[in-house]
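Listed below, chain by chain, are the residues.
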There are 4 protein chains.
Amino acid sequence: MSRFSFGIIGASGKMGKEIQSVMEDAGHRFVFAYDINQCLQESNPNVLIDFSLPEVLDRTIAYASVFNSPLVIGTTGYTESQSDKIRELSKTIPVVQSYNFSIGIQMLIKCTELLSANLTDWDVEISETHHRFKKDKPSGTAIMLKNAVGKDVNISSLRLGNVPGEHTVSFGGLGEVISLSHSATSRRTFAEGVLKASEFAHRQKEPGLFSFRDVLFTK
Amino acid sequence: MSRFSFGIIGASGKMGKEIQSVMEDAGHRFVFAYDINQCLQESNPNVLIDFSLPEVLDRTIAYASVFNSPLVIGTTGYTESQSDKIRELSKTIPVVQSYNFSIGIQMLIKCTELLSANLTDWDVEISETHHRFKKDKPSGTAIMLKNAVGKDVNISSLRLGNVPGEHTVSFGGLGEVISLSHSATSRRTFAEGVLKASEFAHRQKEPGLFSFRDVLFTK
Amino acid sequence: MSRFSFGIIGASGKMGKEIQSVMEDAGHRFVFAYDINQCLQESNPNVLIDFSLPEVLDRTIAYASVFNSPLVIGTTGYTESQSDKIRELSKTIPVVQSYNFSIGIQMLIKCTELLSANLTDWDVEISETHHRFKKDKPSGTAIMLKNAVGKDVNISSLRLGNVPGEHTVSFGGLGEVISLSHSATSRRTFAEGVLKASEFAHRQKEPGLFSFRDVLFTK
Amino acid sequence: MSRFSFGIIGASGKMGKEIQSVMEDAGHRFVFAYDINQCLQESNPNVLIDFSLPEVLDRTIAYASVFNSPLVIGTTGYTESQSDKIRELSKTIPVVQSYNFSIGIQMLIKCTELLSANLTDWDVEISETHHRFKKDKPSGTAIMLKNAVGKDVNISSLRLGNVPGEHTVSFGGLGEVISLSHSATSRRTFAEGVLKASEFAHRQKEPGLFSFRDVLFTK
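Here the structure is a predicted model, which means the values were calculated and not measured.

Trainee: In this structure, what is going on with the overall build of chain A? I would like to understand it.
Mentor: The helix and strand tally for chain A stands at seven helices and eleven strands. If you line up chain A on its principal axes, its C-alpha atoms span 60 × 40 × 35 Å. Per-residue burial for chain A yields a buried fraction of 48% across its 219 residues. When contacts within chain A are restricted to residue pairs at least 6 apart in sequence, those whose partners lie at least 24 apart make up 70%.

In structure tokens form, the structure reads like this:
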């Protein structure tokens, strides 16, 4: 696999630091950082990564245009008009955008779709467990799983200690139950997803808007 | 262990049949049955068991008084005044009454109390999974577990296929989670609880009102 | 869906009775039974089902040839030369053969293959729990799951009470774990698989040897 | 609760740092550190904690004697003669020694003993899951659990990704299964156990050798 240089917008955040570490471990070079605290620019990066805040978007777009580099976006909370800007940008460069860069969750979604398509008359239940500090119920990932099921299903939300995150989709037929569970044990797993997304983005020869799913399942 | 004779009120119901089978397997003799369909009386039973309906209570009390035998009651749905009658009866004979004769659930309650007493600042979540045909949420057993926790906790109810019954109590601290789970796989387990309750009742020398918990944990 | 008539070889066995019940519930007509205890023949069946013993195979083949009906085989333990005979038979009529007619297990295998193909550098662990009376370790289904993983993985076998059967395949990456679990709660689920296999066999216009997987996933 | 001063032998290790942080968060004062890298002594500590290496023991004993302070030991790997020295020391000061300061695991052991004493004819299975880097099978904690069961039971060891540590004890009767599970999500949980042990040690008025279990369950 070819090595390339990368930059991070939001470099000093928790995810930013983790991404830098994982990308460097994979042999890629950290050459650009933009942040509330800093602006380092050793050279133009081959790939730009944004894990920051929605209000930074215009600057992110400006940088990506100047660098003419693929962009990977993990920032959440964009308005509709901001999403339009990202779509516009993706006509000129490859853009990978996702709300969840965990490979395991994407695989869980894939399995959920497979079972939902084949076990149409089974009951489905989703449950998610997160740390007590998480205020929103249900989790965004649980909603993604519900969308994968494709019908209205019950979501149970449990809040326990400092559990990083667990999601289970259970299918019940008369006489058997299948449960698909995902459990996150560290933030590192998301950074590794960003690494894969960056490598995918760097390989693209054409502009386009890609999901993390495209990253994982496009041959 | 000494063998004894027993009778069942509600003998032809699903639980009645299962109880008869388990009691006979243990060497006890089936000598009396009362039912909407039948009234068999070979001899007076040493222990009387009632798994029937609330409206039969007066007759059950009459039989127990005539036989002067200990009584085990698994029937549910008594009114307050009926409960008073049972309490009154227990002044003259030993009565064991419970809504759940599963040994495992009683042990789960015991463990739940132990953890609740020692992990007072941990989060607690209860979840229960039953077959799709169960209409009430949450299950009665989940409520018993909540009482064992001793504070107001969230109960998640899942309905899946034909799951006989699963209950989980999870305790979450900062850095660790303990989960206690019980899963029923057949009705037989409840009949075995009734067997234990009958043997306990038969051993009692004094009248009194006992719970299934007394059966299991009294030396 | 069109209704048809069916026959069962091994009709008075536990699976035979369950299959008859499920097939009749679906509107199909029971017109033929062959057994150590009986031979009932109301008319020639449209589909023949064999859940018996290996030594009956020659007779099964003879009947299927006479009836010129599709055959569904759930009997296990055939010798290699017997398997050859089945393969030969499948050149003249549609034959569905499987060691496991649980739809859920087939879906679990499908998900296992999906994850194994996409998470090649993750660790994989298989575990299975069955009742204490099961002597063989690991279960045949666990071996099927291992084959689905496609590499040599550890299988843990637990023996507990009268658990009908649970299988779990866990995938562990750095930072996340995915677990796929299947739990059987009754024999009925296998009979429902046989129903699907019979309907599939009845729809086939050409001879051929089919797996239960073909039944589920062929459009 | 009264605040006190404490010292750590092995202060710059991973556990040492975590312990310092948790103890300070609880309001206790860090006044002494001994280490391969340092020796800080602001004043004599009220409680001394040792999370270091076996070869440091003589120095630990010397410090504890000089300070005349209770001692909490989490270091593992002592020889028999070193254990004798610790026992000797405990005749003059309170000493708390344990191989596992997780409160949850102690509670799991307590529940395991409770079930083992009451469900003597049930099957028992222990399983443990740890990260792929853990070489020993089974884990020390699984062996503690086996001792709590009090009979020879099977232990299944799974190795997956970077799972910090999960232990499950399952009890299976005919018709029901109870599972007790513990899952660790961070090292912090062990430091909190050391905090409790320190507070317990500080409260002791008499010398003695105590386990972490005494810390949790002594009134």
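Moving on from the model shown.
Trainee: Sorry if this is basic, but what is going on with the relation of the copies chain D and chain B here?
Mentor: Superposition of the two copies of the chain requires a rotation about an axis and a shift along the axis. Taken as rigid bodies, chain D and chain B are interconverted by a rotation of 179 degrees and an axial shift of 0.0 Å, the fit giving an RMSD of 0.1 Å. Expressed as an axis order, the relation between the two copies is that of a two-fold axis. Taking the C-alpha atom as reference, chain D places Leu180 of chain D closest to the rotation axis, 2.4 Å from it. Residue by residue, 97% of the interface of chain D is reproduced at the interface of chain B, so both copies engage with the same surface.

Trainee: Teacher, can you tell me more about the relation of the copies chain A and chain C here?
Mentor: Superposition of chain A onto chain C requires a rotation of 180 degrees combined with a translation of 0.0 Å along the rotation axis, giving an RMSD of 0.1 Å. Most of the interface of chain A is mirrored in chain C: 100% of its interface residues are interface residues there too.

Trainee: Any chance you could explain helix 2 (residues 57-67) of chain C here in plain terms?
Mentor: One full turn of an α-helix is made of 3.6 residues, so residues set three or four places apart face in the same direction. All names here are of chain C. Looking only at helix 2, the buried set comprises Leu57, Thr60, Tyr63 and Ala64. Buried residues along helix 2 cover an arc of 125 degrees about the axis, so they all sit on one side. In helix 2, those exposed residues whose orientation departs by more than 90 degrees from the buried face are Asp58, Ala62 and Val66. Each element contacted by the buried residues of helix 2 is listed here: strand 1 (5-9), strand 2 (29-34), strand 4 (47-50), strand 5 (71-73) and helix 3 (80-89).

Trainee: Any chance you could explain the environment of Ser2 of chain C here in plain terms?
Mentor: Residue and element names in this part refer to chain C. Residue position: Ser2 is located in the segment before strand 1. With 9 C-beta atoms packed within 10 Å, Ser2 lands in the exposed category. Ser2 sits 201 residues away from Arg203 along the chain, and the two C-alpha atoms are 9.3 Å apart.

Trainee: Please explain the packing of helix 1 (residues 14-25) of chain D against helix 6 (residues 188-203) of chain D as it appears in this structure.
Mentor: Describing two packed helices takes the angle between their axes plus the distance from one axis to the other. Residues and elements named next belong to chain D. With their axes 8 Å apart at the nearest point, helix 1 and helix 6 run at an angle of 60 degrees to one another. With respect to their mutual orientation, helix 1 and helix 6 come out oblique. Between helix 1 and helix 6 the crossing geometry is right-handed. Across from Met15, Glu18, Ile19, Val22 and Met23 in helix 1, the residues of helix 6 making contact are Arg188, Phe190, Ala191, Glu192, Val194, Leu195 and Ser198. In terms of residue class, the contact of helix 1 with helix 6 is made up of eight nonpolar, one polar and three charged.

Trainee: Please explain the interface of chain D and chain B as it appears in this structure.
Mentor: Taken together, the contacts link 29 residues of chain D with 28 residues of chain B. Among the secondary structure elements, those contributing two or more residues to the side of chain D that touches chain B are helix 4 (103-118), strand 10 (176-184) and helix 6 of chain D.

Trainee: Hey, could you run me through the interface of chain A and chain C in this one?
Mentor: Many analyses report the size of an interface as the accessible area lost when the parts associate. Across the boundary between the two partners, chain A contributes 29 residues, which contact 29 residues of chain C. Every element with two or more residues in the side of chain A that touches chain C is listed here: helix 4 (103-118), strand 10 (176-184) and helix 6 (188-203) of chain A. Residue classes in the side of chain A that touches chain C are distributed as 13 nonpolar, twelve polar and four charged. In the sheet, strand 10 of chain A pairs with strand 10 (residues 176-184) of chain C via nine bridges, with the strands oriented antiparallel. By the bridge assignment for strand 10 of chain C, Glu176 of chain A is matched with Ala184 of chain C.

Trainee: Even after reading the chapter, I still don't get the sheet that holds strand 3 (residues 39-41) of chain C, so can you show me in this structure?
Mentor: Within a sheet, each strand pairs with its neighbour through backbone hydrogen bonds, oriented either parallel or antiparallel. Residue and element names in this part refer to chain C. Spatially, the seven strands line up as an open sheet ordered 3-2-1-4-5-6-11, and their pairing is mixed. At either margin of the open sheet sits one strand with a lone partner, and together these are strand 3 and strand 11 (208-210). Ignoring strand direction, the axes of neighbouring strands in this sheet form an average angle of 20 degrees. Where strand 2 meets strand 3, three bridges bridge the pair, whose relative direction is antiparallel. Residue pairing in the sheet places Phe32 in a bridge with Gln41 of strand 3. Sheet strands touched by helix 1 (residues 14-25): strand 1, strand 2 and strand 4. Its angle to strand 1, the strand with the most contacts, is close to 175 degrees. Relative to strand 4, helix 2 is tilted by about 175 degrees, and along the sheet it contacts strand 1, strand 2, strand 4 and strand 5.

Trainee: Is there a simple way to explain the sheet that holds strand 3 (residues 39-41) of chain D in this structure?
Mentor: All names here are of chain D. An order of 3-2-1-4-5-6-11 is seen for the seven strands of this open sheet, with the pairing classed as mixed. Bordering the open sheet on either side are strand 3 and strand 11 (208-210), each of which pairs with just one other strand. Direction aside, the axes of adjacent strands within the sheet are offset by 20 degrees on average. With three bridges connecting them, strand 4 (residues 47-50) and strand 5 (residues 71-73) associate as parallel partners. Looking at strand 5, one finds that Asp50 is bridged to Ile73. Those strands touched by helix 6 are strand 1 (5-9), strand 4, strand 5 and strand 6 (94-97), and its axis lies near 145 degrees from that of strand 4.

Trainee: How should the confidence of the model for chain A be read in this particular structure?
Mentor: The predicted coordinates of low-pLDDT regions are not to be read in fine detail. Chain-level pLDDT for chain A is 92 on average; 99% of the residues reach the 70-or-more range. Both confidence scores are given for the complex: pTM 0.81, ipTM 0.76.

Trainee: It is not clear to me how the pairing of strand 8 (residues 154-159) of chain C should be interpreted in this structure. Could you clarify?
Mentor: Side-chain direction in a regular strand flips from residue to residue, so the side chains alternate between the two faces of the sheet. All names here are of chain C. Bridge count between strand 7 (residues 123-130) and strand 8: six bridges; the pairing is parallel. The residue bridging Glu125 from the neighbouring strand is Asn154, located in strand 8. As a crossover connection, the stretch from strand 7 through helix 5 (residues 140-149) into strand 8 is right-handed.

Trainee: Just checking my understanding: could you explain the environment of Ile86 of chain C for this structure?
Mentor: Residues and elements named next belong to chain C. Within the secondary structure layout, Ile86 lies in helix 3. In this structure Ile86 comes out as partly exposed when scored by C-beta crowding, with 19 C-beta atoms within 10 Å. For Ile86 and Lys137, which are 51 residues apart along the polypeptide, the C-alpha to C-alpha distance reads 28 Å. For Ile86, the contacting residues outside a window of four places in its chain are Ile73, Val95 and Gln97.

Trainee: How should I be thinking about the domain arrangement of chain A in this particular structure?
Mentor: Residues and elements named next belong to chain A. Per the domain assignment, the segments making up chain A are domain 1 (5-101 + 188-217) and domain 2 (103-183). Using C-alpha coordinates to define each centre, domain 1 is positioned 28 Å away from domain 2. With seven residues of domain 1 in contact, the opposing surface of domain 2 contributes seven residues. Broken down by element, the residue count for the side of domain 1 that touches domain 2 peaks at three residues, all from helix 7 (residues 212-217). Its residues assigned to classes, the side of domain 1 that touches domain 2 shows three nonpolar, three polar and one charged.

Trainee: Would you explain unusual backbone geometry in this entry?
Mentor: Glycine aside, negative phi is the norm for most residues, and most peptide bonds take the trans geometry. Residue and element names in this part refer to chain A. The residue Asn68 is not glycine, and still its phi comes out positive at about 50 degrees. Note on placement: Asn68 falls in the loop between helix 2 (57-67) and strand 5 (71-73). Residue classification places Asn68 among the exposed residues on the basis of 10 C-beta atoms within 10 Å.

Trainee: Teacher, can you tell me more about the packing of helix 4 (residues 103-118) of chain B against helix 5 (residues 140-149) of chain B here?
Mentor: Residue and element names in this part refer to chain B. Relative to each other, helix 4 and helix 5 sit at 30 degrees, their axes nearing to 8 Å. Of the possible angle classes, the one that applies to helix 4 and helix 5 is roughly parallel. The element helix 4 and its partner helix 5 pack so that their crossing is right-handed. In this structure, helix 4 uses Ile105, Leu108, Ile109, Thr112, Glu113 and Ser116 to contact helix 5, whose residues at the interface are Thr141, Met144, Leu145, Ala148 and Val149.

Trainee: What should I look at first to understand the pairing of strand 4 of chain D in this one?
Mentor: All names here are of chain D. What you see with strand 4 is no split at all: Val47 and Ile49 on one side and Leu48 and Asp50 on the other are buried throughout. With four bridges joining them, strand 1 and strand 4 adopt parallel strand pairing. Within strand 4, the position partnered with Gly7 by the bridge is Leu48. Each parallel crossover has a hand, and the one from strand 4 via helix 2 (residues 57-67) to strand 5 is right-handed.

Definitions and cut-offs
- Residues numbered from 1 in each chain as written.
- Chains lettered and ligands numbered in written order.
- Predicted model: local features only at pLDDT ≥ 70, side-chain atom pairs only at ≥ 80, totals over all residues.
- Helix = DSSP H or I, 4+ residues; strand = E, 2+ residues; numbered from the N terminus.
- Buried ≥ 20, exposed ≤ 12 C-beta atoms within 10 Å, placed from the backbone.
- Contact = placed C-beta atoms within 7 Å.
- Least-squares fit on C-alpha atoms with pLDDT ≥ 70 in both.
- Arc of directions from axis to C-beta.
- Axes fitted to C-alpha atoms, helices over the stretch in contact; angles between N-to-C directions.
- Parallel < 35°, antiparallel > 145°, perpendicular 65-115°, else oblique.
- Left-handed = near helix turned anticlockwise from the far one by under 90°.
- Nonpolar A, V, L, I, M, F, W, Y, C, P; charged D, E, K, R; others polar.
- Pairing = 2+ DSSP bridges.
- pLDDT = per-residue confidence, 0-100.
- Right-handed = clockwise from strand over helix to strand, strands pointing away.
- Domains from an automatic or database assignment.

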